[in-house]
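Given next are the chains, with one letter for each unit.
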Amino acid sequence: MIFDENNVESVGADLVKLGCGWEGSHIKNLITVNIPKEKSYLVIKRFLEEGKKQKFWDYQEACLGFKKYI
């Protein structure tokens, strides 16, 4: 959930630079992120945590079941 809906596209672009896919929803500031298994989740997690710390967004992890990709 991105708190300022005007930042959705720029956050999406940052996620793409990190190698992720993303898509919006019918709720303008709610997006889903797909992290390919080849990508290090640790890098993405740092990005997500930094944005959360700065109060740009909040997020929820759906399912992380494979530690070998972290």
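The rules behind these values
- Residues numbered from 1 in each chain as written.
- Predicted model: local features only at pLDDT ≥ 70, side-chain atom pairs only at ≥ 80, totals over all residues.
- Heavy atoms only, no water.
- Helix = DSSP H or I, 4+ residues; strand = E, 2+ residues; numbered from the N terminus.
- Buried < 20%, exposed > 50% of the residue type's maximum accessible area, 1.4 Å probe, protein only.
- Contact = heavy atoms within 4.5 Å.
- Areas by Shrake-Rupley, 256 points an atom, 1.4 Å probe, with all protein chains shown as cover.
- Salt bridge = Lys/Arg side-chain N within 4 Å of Asp/Glu carboxyl O.
- Expected span 1.5 Å × (residues − 1).
- Arc of directions from axis to C-beta.

On to the overall build of the protein. On a plain count of helices and strands, the protein comes out with two helices and two strands. Starting at the N terminus, the α and β elements of the protein follow one another as α-β-β-α. Sorting the 70 residues of the protein into buried and exposed places 20% on the buried side. Nonlocal contacts in the protein, meaning residues at least 24 apart in sequence, comprise 37% of its contacts between residues at least 6 apart. Accessible surface, the protein: about 5400 Å² in total, of which carbon and sulfur atoms supply 55%.

A separate point is the side chain of asparagine 29. In this structure, asparagine 29 sits in the loop between strand 1 (21-24) and strand 2 (31-34). For asparagine 29, a relative accessible area of 16% puts it in the buried group. Asparagine 29 has contacts with Met1, Ile2, Phe3, Glu5 and Val8, leaving out every residue within four places of it along the chain.

We now examine the pattern of salt bridges. Evaluated as defined, the whole model comprises three salt bridges. Across the pair glutamate 49 and lysine 45 runs a salt bridge, and its minimum N-O distance is 3.9 Å. Linking glutamate 49 with lysine 45, this pair stays in helix 2 (residues 41-53), spanning four residues, or about one helical turn. Lysine 45 gets classed as partly exposed once you look at its relative accessible area, which sits at 25%. Note that lysine 52 and aspartate 58 form a salt bridge whose closest N and O atoms lie 3.5 Å from each other. On the accessibility criterion, aspartate 58 (34% relative accessible area) is partly exposed. Linked by salt bridges that have partners in common, Lys45, Glu49 and Glu61 make up one network.

What follows is about helix 2. Over its 13 residues, helix 2 runs 18 Å from end to end, which matches the ideal 18 Å to within 8%, given 1.5 Å per residue. Buried within helix 2 we find Tyr41, Ile44, Leu48 and Gly51. Along the axis of helix 2, the buried residues cluster in a sector spanning 95 degrees; they form a single face. Projecting away from the buried face of helix 2 at angles above 90 degrees are the exposed residues Arg46 and Lys53.

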